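# Results of the structural survey
Here are the chains, one letter per residue:
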Amino acid sequence: MHPSLAHRGAKGLQASAGGAPISFAGITKRYGPVEALREFSLDIAGGEFVTFLGPSGSGKTTALNILAGFIEPSAGDVLIGGVSITRLPTEKRNVGMVFQSYSLFPHMDVRDNVAFPLRMRGVPKAERHARAEQALAMVRLAGFGGRKPHELSGGQRQRVACARAIVFEPRVLLMDEPLGALDLKLREAMQDEIKEVQRRIGCTVIYVTHDQGEALAMSDRIVVMSEGRIEQIGSPAAVYDSPSNAFVAQFVGETNFLPAKLAGGRLTFAGGDGPAPARLPEGWRGRVALRPEHFTRVAEAGAMPVLAGRIGDVAFHGGSYRYVVETEKAGRVIVQEQRRHGADGPVVGAPVTLRFSLERAAFLDG
Amino acid sequence: MSPRVVRIALALWFCAVVFFLLFPLVFLIPLSFNESEILSFPPSAWSLRWYRVLFTDASWSGALWLSVKIGVLVTILSVAIGTASALAIVRHRLPGSGLLYGLAIAPLIVPGIVIALGMFMLFARLKWLESLTTLVLAHTVVAVPYVIVVVSAALRNLDETIERAARVLGADPWRSFLLVTLPALRPAILAGAMFAFFASFDDLIITLFVSGAIETLPLRIWNDLNLRLDPTVAAAACVMVAMSMAGLGIAEIARSAGLRRLRTEQADG
């Protein structure tokens with residue numbers, strides 16, 4: 001990349017008006033008897049990076065497609081910058097969009113692809129080519145304007161698609177699983193690039209993914225969805241640390257569940273008991289949700305609750321180990337352990353005592 | 001049997017099939033360059049005189065020109081109707097689109113003589129026989145299905161999200177179609193157009209029933225065979241074969257170029 005071009009590219013696009021706030025107000029989408037989206041309401045601040053996270057069929061793509069105008073909602077209203085766009089045709093909504101399948105126009109070269117939104121907006125040819133070049137520089141593809149899409153790698157194509165989506169300085173950028181078709185290393189590098197681009201142009205981003213790692217790494221807020229409903233909205237740390245229900249606990253990160261109940265001021269669960277957390281009422285029944293890194297392998301039981309068992313499969317992860325413990329009373333537990341210098345790692349088949357703190361656990365009803 | 005033997009056997013079989021298919025041409029081509037007045041094989045001396053007759057004799061060159069003219073008109077009509085039909089069937093998911101598709105391509109399956117007879121009775125009642133317009137319409141009926149088949153196949157392979165991308169990036173439906181969908185379909189439309197042209201250019205049966213006194217090239221050949229037999233027929237036939245091969249060659253190149261592009265799109269996609 002030519003440094004001066006990149007610089008100009010950044011400056012040229014910084015002039016954009018920043019991100020527009022978005023509101024979904026009671027959106028429902030029915031397909032016959034099936035509700036793909038149910039009373040979906042959400043307010044997104046201007047410039048925010050919000051991720052819709054969920055498995056396929058959770059309604060995340062439906063919500064995005066309703067915002068883009070590909071699908072008409074059965075009920076409800078969508079607003080961008082406080083103005084209802086529900087009845088506006090797609091091309092008038094002025095949003096940028098990146099698709100999983102890149103969706104570059106195969107017969108146009110990279111420059112014409114990137115300049116396409118400007119052409120649709122009546123920008124003269126010389127200016128739109130200059131601005132396309134700036135946008136390409138921003139995604140580190142300066143000088144690729146003359147190539148055809150089929151001459152590029154998958155990662156390059158998706159960067160062209162990004163340049164095309166931001167070239168007209170939209171105040172809203174929609175990304176529909178943009179990294180889904182790329183391999184792992186490239187995905188991680190592209191996550192940083194997308195965040196970088198967003199920081200520079202300041203647009204509001206709605207990012208759809210089923211990859212919880214991506215959601216945790218990139219988002220200001222995550223909207224966890226399943227079966228057309230919002231399960232939880234919160235910052236990545238809030239969603240990870242305090243999942244509001246078992247679905248979120250399982251879908252975002254890994255979770256071990258211990259059935260438990262609160263009686264006589266003590267929390268009892270399979271394998272032990274501990275002091276009752278203040279927020280739980282007497283007589284509560286439910287499950288204690290513990291992340292794999294909440295456990296510590298110890299030589300002998302102390303004051304904290306413990307689980308005893310035997311180590312099953314051990315996977316070496318570079319900086320950490322991840323292993324399965326077959327416990328005597330609580331079934332299989334997945335443990336993640338940081339490697340410590342000079343300490344022995346977990347040994348397959350060895351007996352083990354796991355200690356954990358209830359302070360970091362989440363408590364799920366039912 | 002070893003794979004090698006199988007391969008050789010298959011190659012021989014393929015050669016036999018090709019020979020069988022092209023056998024009539026083996027006679028026709030030398031005959032068209034024959035010096036003699038009668039269709040005799042093998043030719044005793046070589047000459048281009050029958051080609052000269054073909055291109056200078058008013059009845060022959062007129063028939064050739066008329067066939068080309070009808071073919072071009074049929075092609076234009078078929079491409080417009082066929083492409084629009086393919087879009088309606090594939091993209092807009094009309095109720096009963098499977099049935100519609102079947103009906104639209106029925107002329108490919110229904111025997112030509114049946115279609116020709118039906119048209120004859122219809123046009124006779126309407127008193128539309130012996131008109132160039134009628135002939136063009138009649139040929140279009142059998143030419144449109146080729147365009148529908150080829151274009152709808154291409155449309156099914158075309159990733160719908162590129163049209164969505166065009167829309168969301170600011171193109172209204174019409175510009176999205178002109179700037180994105182149509183260029184992507186161009187190879188298929190070209191291939192369909194070639195098939196449509198030759199469906200008309202080669203047609204004899206329907207022309208026999210509805211054309212009356214209008215003499216297209218196939219009809220001219222047919223009439224000539226009934227009256228006398230001179231090597232101009234062979235020359236005309238060779239010109240038709242040459243045009244067909246060129247046209248189908250173009251269509252095939254366009255089709256495979258389109259497929260190749262699609263494949264590279266998907267291979268890394």
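For the structure itself, look to the data block above.
Please read all numbers here as calculations on a predicted model, not as lab measurements.

A general trend in soluble globular proteins is that nonpolar side chains are found buried together. All names here are of chain A. Residues Phe24, Phe52 and Phe116 are the most contacted members of the largest nonpolar core, which totals 106 residues. Those residues in contact with Phe24, other than ones at most four positions away along the chain, are Phe40, Ser41, Leu42, Ile44, Phe52, Ala63, Leu67, Asp77, Val78 and Ile206. Core analysis: the next-biggest nonpolar cluster, separate from the first, contains 24 residues, Leu267, Leu290, Val352 and Ala361 among them.

Residues and elements named next belong to chain A. Across the sheet, which stays open at both edges, the six strands sit in the order β6-β7-β8-β3-β9-β10 with mixed pairing between neighbours. Each edge of the sheet is formed by a strand with only one pairing partner; in this case those strands are β6 (96-98) and β10 (229-234). On average, each strand axis in the sheet is tilted by 15° relative to the strand beside it, whichever way the strands run. Running at roughly 140° to strand β3 (residues 49-53), helix α6 (residues 184-201) makes contact with β3, β7 (172-176) and β8 (204-209) of the sheet.

Let us now look at helix α8 (residues 173-201) of chain B. Residues and elements named next belong to chain B. The end-to-end C-alpha distance of α8 is 35 Å, clearly below the 42 Å that 29 residues give at a rise of 1.5 Å each. Taken as a whole, α8 carries its principal kink of about 55° at Arg186; the proline Pro187 stands between one and four residues after it. When you tally the buried positions in α8, you get 21 out of 29 residues, the bulk of the element.

Before going further, it helps to examine the sheet that holds strand β18 (residues 331-338) of chain A. All names here are of chain A. Ordered by their spatial adjacency, five strands build an open sheet running β15-β19-β16-β17-β18, and the pairing between neighbours is antiparallel. What marks the edges here is a single partner per strand, and that holds for β15 (295-298) and β18. Going across the sheet, the axis of each strand differs from the next one's by a mean of 45°, ignoring polarity. Relative to β18, strand β17 (residues 320-327) runs antiparallel, the two being bridged by eight bridges. Within β18, the position partnered with Glu326 by the bridge is Arg332.

Below, the discussion takes up the interface of chain B and chain A. Across the contact, 22 residues belong to chain B and 30 residues belong to chain A. For the chain B and chain A pair, buried surface summed over both sides reaches about 2300 Å², with 62% attributable to carbon and sulfur atoms. The interface formed by chain B and chain A holds one salt bridge in total. Between Arg167 of chain B and Glu91 of chain A there is a salt bridge whose closest N-O contact spans 2.6 Å. Where chain B touches chain A, the interface holds seven residue pairs in polar contact (both at pLDDT 80 or more). Going through the elements one at a time, α7 (160-168), α8 and α11 (232-267) of chain B are the ones with two or more residues in the side of chain B that touches chain A. In terms of residue count, α7 of chain B provides more of the side of chain B that touches chain A than any other element does, seven residues in total. Its residues assigned to classes, the side of chain B that touches chain A comprises ten nonpolar, four polar and eight charged.

What counts, and at which threshold
Residues numbered from 1 in each chain as written. Chains lettered and ligands numbered in written order. Predicted model: local features only at pLDDT ≥ 70, side-chain atom pairs only at ≥ 80, totals over all residues. Heavy atoms only, no water. Core = buried A, V, L, I, M, F, W, Y, C linked by side-chain atoms within 4.5 Å. Buried < 20%, exposed > 50% of the residue type's maximum accessible area, 1.4 Å probe, protein only. Contact = heavy atoms within 4.5 Å. Pairing = 2+ DSSP bridges. Helix = DSSP H or I, 4+ residues; strand = E, 2+ residues; numbered from the N terminus. Axes fitted to C-alpha atoms, helices over the stretch in contact; angles between N-to-C directions. Expected span 1.5 Å × (residues − 1). Bend = angle between axes of the 7 residues up to and from the residue. Buried area = accessible area lost by both parts, 1.4 Å probe. Salt bridge = Lys/Arg side-chain N within 4 Å of Asp/Glu carboxyl O. Polar contact = N/O pair within 3.5 Å; in protein donor to acceptor, adjacent residues only side chain to side chain. Nonpolar A, V, L, I, M, F, W, Y, C, P; charged D, E, K, R; others polar.

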